[in-house]
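Chain and residue survey
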Amino acid sequence: MITDTSEGSLKAFLKTLPQVDEVGANARAAMLATRSIKTSSKAWAIDMAISMVDLTTLEGADTPGKVRAICAKAVRPDATDLSVPSVGAVCVYNDMVGVARTALDLIGGAAIPVAAVATAFPSGRASYAVKAQDTMDAINAGAAEIDMVIDRGAFLSGRYGEVFDEIVKIKELCGDKAHLKVILETGELVTLDNVRKASYLAMLAGADFIKTSTGKVTPAATAPVVLVMLEAVRDYYSMTQTRIGVKPAGGIRNTKDAIKQLVLVNEVAGPEWLNPQLFRIGASALLNDLLLQRMKLRDGYYASPSYVTLD
Amino acid sequence: MSQFEYAPALESTAIVNIAERYNLFINGKFVTPKSGKYFPTINPANEKVLAKVAEANSTDVDLAVQAARNAYSKVWSKLPAAERGKYLFRIARILQERAREFAVLETLDNGKPIRESRDTDIPLAAAHFFYHAGWADKLQYAGVGDQPKPYGVVGQIIPWNFPMLMLAWKVAPALATGNTVVLKPAETTSLTALLFAEVCQQAELPAGVVNIVTGAGATGADIVNHPGIDKIAFTGSTEVGKLIATSIAGTKKGATLELGGKAANIIFDDAAIDEAVEGIVNGIFFNQGHVCCAGSRLLVQENIHDEVLEKLKVRMAHIRLGNPLDKNTDIGAINSAAQLAKIKELVTAGGSEGAEQWSAPCNLPEEGFWFAPTIFTGVSQTHRIAREEIFGPVLSVLTFRTPQEAIEKANNTPYGLSAGVWSEKGSKVLWTASRLRAGVIWANTFNKFDPASPFGGYKESGWGREGGRHGLAAYLKASN
């Protein structure tokens, strides 16, 4: 698609992308939000959503105990019902990667990857040396997925080459040891045109996933933003035959929101993206609501929130 | 289940009580027709009879016109304008309260998806009453002089594609301007008009201000030819519009005619392509393409033709055709066997004239009237499918090379109802819009309706405007 990745060439390429009409994109997202997902399709969607959750804790107050607790939840989200699938990954800061990896391995969660946020998450305001070290620490501690942030300052001032080069270098560090998710922080990019440009920039630079947000900035994973990113991976596939994943994160707190995301995936990118290899949802509170709704479908009534575990 | 297949999500029909038979609504009461005749109305999604509806003959129409005349001279014209406005507000609020009931009934009788009747038809119908309620006591600002006067008794004949919405487009401005009404809904979609008659009773609208007579073309002709009618407002085919114009020639009757269209939807190469594709889909597949202003001719700039078509086909594969009561249905049933036959005839002509047909892959239900969303590529201006109104989910794709050529092709039609322009370049949008000979031009959107916006056609698409300030003028005469 593009062989010359110099600043000028990237700029020229991004200019060839069609613009996004914000009114139209919002209308399309709103229309898809009216889809009514019931009974068997709801049951399927809930289990699919659970398997797509990147169960996340990204707080200054994180402790080894807290991380071990979410690892237990990740492997067996509902200890009373073993038909509930495990989640997609556990997502932590890089100093907790080792704790998470060990905890998961101990309790039968060897297949669940640990994702680490990196490159001076969430702001990305640090020297490249710090970002590289951040990334290497996570990989060395056993992270199989790196969630890096782009330099939004560079992007907004038009230094696309800088953004691109940084992603390329982090991708090299990841090598075949870790998948790279690139966080665009769409709440700071603001326009859907920027979301489209940043999506392409990340995909061209080697992202395995493009991710909406850090969860530290609002708005985060709004439906129109996810729509535009899904269009980007769909069109990138038709150009390159490579499927890039999408990860909305931030603000998806209940089952209804999660199912709306799956409808977007189904009708925009296509059913090929409806699996945890190509779609993840970054969330923490969401998982318990999915479990409550799953119980409701099974039992016919809503259980008390006391029946799901708080970890 | 290995794929995300949406389970049926059916809207309940429990909210609607459909009677076995419906009478005429004349002078505030439901009365048996003098004709003694009733005809069946069916659900086009399963061909089952929903109810029997009275067939008004000329005696029935005469009674309705007398009732309207009586109500006009004795009650409605004597009422202070603000009081008229109150009735309209009351009707608007009742429509909102009973919106779900209207939406379900509309979907049953018409075949359109519940998503559209629920989210578009009925909310817009209520909006028209709200909008015109506000006008009732401000008519001196309608642009028809200081003391505009109503016509008197207005005969209104509406089509089957948006039964309740077209009723609102007709009745709301007529009442706001002080006219009384004899309205005939289309024979395949009478039920929401008859439910509206109930709303008139509920709102305690004075008897005879709104009269609803049901029937087919002959009943319509009786209204048009009745000497007691002061003005005709008609929405329907250009063919019938011409007949009406001929019938009323030489009489004092006024007329507004909202007729057919063959709208050009112009996509320039600097358009927001993904949203333009949505606009194409919305332009032609909204309401199964039973839309007079549908974007039925896609004019796409030749250098992006392949890209747009590829994306359009991917998008069309996601269109969900099926039970109109399913909340996830995008495209419902064709309204009647006759309309389906007309669509099929033109589609066959398209193929035999050399255009290439592509239909979205979808299973058509066995009962009822259905047509898969279809596009024709390689269409030229001389093809019938580029000239005649198909009034179905069928899109003709043509190309152009320069903006000038787009304008030439867009205007090269006897119609002139609507058009769409897609470009992210503002100056180009304005340049194009000012050269298109059409009554409504949408920029970077399509099929957007608002009661404040006048709607109507150039050339054989009609006379006069409906909606907005311009629409009021169609129901008012300047006083001497």
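What comes next concerns the included structure. (Residues numbered from 1 in each chain as written. Chains lettered and ligands numbered in written order. Predicted model: local features only at pLDDT ≥ 70, side-chain atom pairs only at ≥ 80, totals over all residues. Heavy atoms only, no water.)

1. Observations concerning helix α11 (residues 223–240) of chain A
Residues and elements named next belong to chain A. In this model, α11 (18 residues) spans 25 Å end to end at C-alpha, consistent with the 26 Å of a helix rising 1.5 Å per residue. A large share of α11 lies buried, amounting to 13 of its 18 residues. At the exit of α11 stands Gln241, carrying a positive phi of roughly 60°. (Helix = DSSP H or I, 4+ residues; strand = E, 2+ residues; numbered from the N terminus. Expected span 1.5 Å × (residues − 1). Buried < 20%, exposed > 50% of the residue type's maximum accessible area, 1.4 Å probe, protein only.)

2. Here's the deal with the pattern of salt bridges
Within this structure, the stated rule accounts for 44 salt bridges over all chains. As a salt-bridge pair, Lys242 of chain B and Glu460 of chain B come within 3.2 Å of each other at their nearest N and O atoms. With Lys242 of chain B in helix α8 (residues 238–248) and Glu460 of chain B in the loop between β18 (440–443) and β19 (462–463), this residue pair connects regions lying 218 residues apart in the sequence. Here Lys242 of chain B falls in the partly exposed class, since its relative accessible area comes to 45%. Judged by relative accessible area, Glu460 of chain B falls into the partly exposed class, the value being 32%. Members of the salt-bridge network, linked through shared partners, are Asp54, Glu145, Asp147, Lys181, Lys211, Lys247 and Arg280 of chain A. (Salt bridge = Lys/Arg side-chain N within 4 Å of Asp/Glu carboxyl O.)

3. A closer look at the interface of chain A and chain B
The partner chain B presents 29 residues to the 30 residues of chain A that form the contact. It is Asp21, Arg35 and Trp44 of chain A in chain A that bury the most area against chain B; as a group they hold 23% of the surface buried on that side. Our enumeration of links across chain A and chain B arrives at five salt bridges. The interface formed by chain A and chain B contains 11 residue pairs in polar contact (both at pLDDT 80 or more). At the level of elements, α2 (22–32), α3 (39–52), α11 and α12 (255–269) of chain A are the ones that each hand at least two residues to the side of chain A that touches chain B. A class-by-class count of the residues in the side of chain A that touches chain B yields 12 nonpolar, nine polar and nine charged. (Contact = heavy atoms within 4.5 Å. Buried area = accessible area lost by both parts, 1.4 Å probe. Polar contact = N/O pair within 3.5 Å; in protein donor to acceptor, adjacent residues only side chain to side chain. Nonpolar A, V, L, I, M, F, W, Y, C, P; charged D, E, K, R; others polar.)

4. Some details on helix α7 (residues 217–225) of chain B
Listed in full, the buried residues belonging to α7 of chain B are Thr219, Gly220, Ile223 and Val224 of chain B. All buried residues of α7 of chain B fall inside an arc of 140° around its axis, so they share one side. (Arc of directions from axis to C-beta.)

5. Notes on the packing of helix α4 (residues 114–135) of chain B against helix α5 (residues 163–176) of chain B
Residues and elements named next belong to chain B. One way to put it is that α4 packs onto α5 with a least axis distance of 9 Å and a crossing angle of 5°. Taken together, the axes of α4 and α5 are roughly parallel relative to one another. Between α4 and α5, the contacting residues are Asp121, Ile122, Leu124, Ala125, His128, Phe129 and His132 on the first element and Met164, Leu165, Ala168, Trp169, Val171, Ala172, Pro173 and Ala176 on the second. The class makeup of the residues in the contact of α4 with α5 is 12 nonpolar, two polar and one charged. (Axes fitted to C-alpha atoms, helices over the stretch in contact; angles between N-to-C directions. Parallel < 35°, antiparallel > 145°, perpendicular 65-115°, else oblique.)

6. Describing unusual backbone geometry
Going from Phe121 of chain A to Pro122 of chain A, the amide bond is cis rather than trans, its omega being -5°. Tracing the sequence through the fold places Pro122 of chain A in the loop between β3 (114–118) and α6 (128–140). Put simply, Thr218 of chain A and Pro219 of chain A share a cis peptide bond, and its omega is -5°. Of note, Pro219 of chain A is situated in the loop between β6 (209–211) and α11. With a phi angle near 50°, Glu185 of chain A is a residue other than glycine that sits in the positive phi range. With respect to the secondary-structure elements, Glu185 of chain A resides in the loop between β5 (179–183) and α9 (186–189). We classify Glu185 of chain A as buried; its relative accessible area is 0%. A positive phi is found at Asn444 of chain B, a non-glycine position, where the angle reads about 55°. Looking at the element boundaries, Asn444 of chain B is found in the loop between β18 and β19.

Worth remembering: the numbers are spatial, not functional.
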